[in-house]
Amino acid sequence: MSGGEELLRSRGLRVTRPRLAVLDVLADGGHLEVDEITRRVRKRLDSVSTQAVYDVLGALSRAGLSRRIEPAGSPARYEARVGDNHHHVVCRGCGEIADIDCAVGSAPCLDPDTAHGFQVDEAEVTFWGLCPACQARRSADD
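Residues numbered from 1 in each chain as written. Predicted model: local features only at pLDDT ≥ 70, side-chain atom pairs only at ≥ 80, totals over all residues. Heavy atoms only, no water.

Naming follows an unreviewed UniProt entry, where the protein appears as Transcriptional repressor of Micromonospora craterilacus. The protein has a UniProt comment under Sequence similarities (unreviewed entry) that states "Belongs to the Fur family." In the Subcellular location (unreviewed entry) part of its UniProt record, the protein is described as follows: "Cytoplasm". (UniProt positions renumbered as here; feature names shortened; annotations may be inferred.)

Quick look at the structure:
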């Protein structure tokens with residue numbers, strides 16, 4: 001049994017070729033849009049609908065096997081890094097996203113002054129700036 005099969009079964013999910021292919025794509029790393037995930041899955045399976053990929057990503061996210069992030073002004077992206085309370089930095093120039101480990105480590109890493117009765121269990125932090133490549137382009141343009 002493959003690692004992907006074990007992961008799916010451990011979360012009570014049926015093992016299917018599309019689920020295994022999406023897990024493989026996410027395991028390659030990055031913060032991928034659905035279109036890119038679909039393109040990569042089709043290289044593995046030949047035929048899979050975009051809707052099937054959305055369905056798989058939803059199931060994986062609900063099961064805690066993938067994470068959906070939505071930086072402001074960007075389509076949803078998915079990653080395999082889950083359960084470690086990390087954050088993201090997004091380039092304002094090109095949209096590149098990188099992981100940033102949480103300085104505190106445990107969730108939530110920020111505590112609001114008032115939670116309005118909510119029991120806060122997570123704080124999603126997004127840092128914004130310019131990646132090294134965009135910084136270099138900006139310097140070259142000056």
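Asker: I would appreciate a short explanation of the pairing of strand β5 (residues 97–100) in the present structure.
Answerer: Each regular strand displays side chains that alternate between the two surfaces of the sheet. The pairing of strand β4 (residues 87–91) with β5 spans four bridges and is antiparallel. Directly across from H87, in β5, lies its bridge partner I100. Between β4 and β5, which pair antiparallel in sequence order, lie five residues; one of them, G95, sits at a positive phi of approximately 85°. (Pairing = 2+ DSSP bridges. Helix = DSSP H or I, 4+ residues; strand = E, 2+ residues; numbered from the N terminus.)

Asker: Explanation requested: the sheet that holds strand β6 (residues 126–129) in the structure shown.
Answerer: Strand-to-strand pairing in sheets goes through backbone hydrogen bonds, with the strands running parallel or antiparallel. Taken together, three strands build an open sheet; the order of strands is β5-β4-β6 and the sheet is mixed. What marks the edges here is a single partner per strand, and that holds for β5 and β6. For this sheet, the mean angle separating the axes of adjacent strands, direction not counted, is 25°. Strand direction decides the pairing type here: β4 and β6, joined by four bridges, are parallel. For C91, the partnering residue across the bridge sits in β6 and is G129. (Axes fitted to C-alpha atoms, helices over the stretch in contact; angles between N-to-C directions.)

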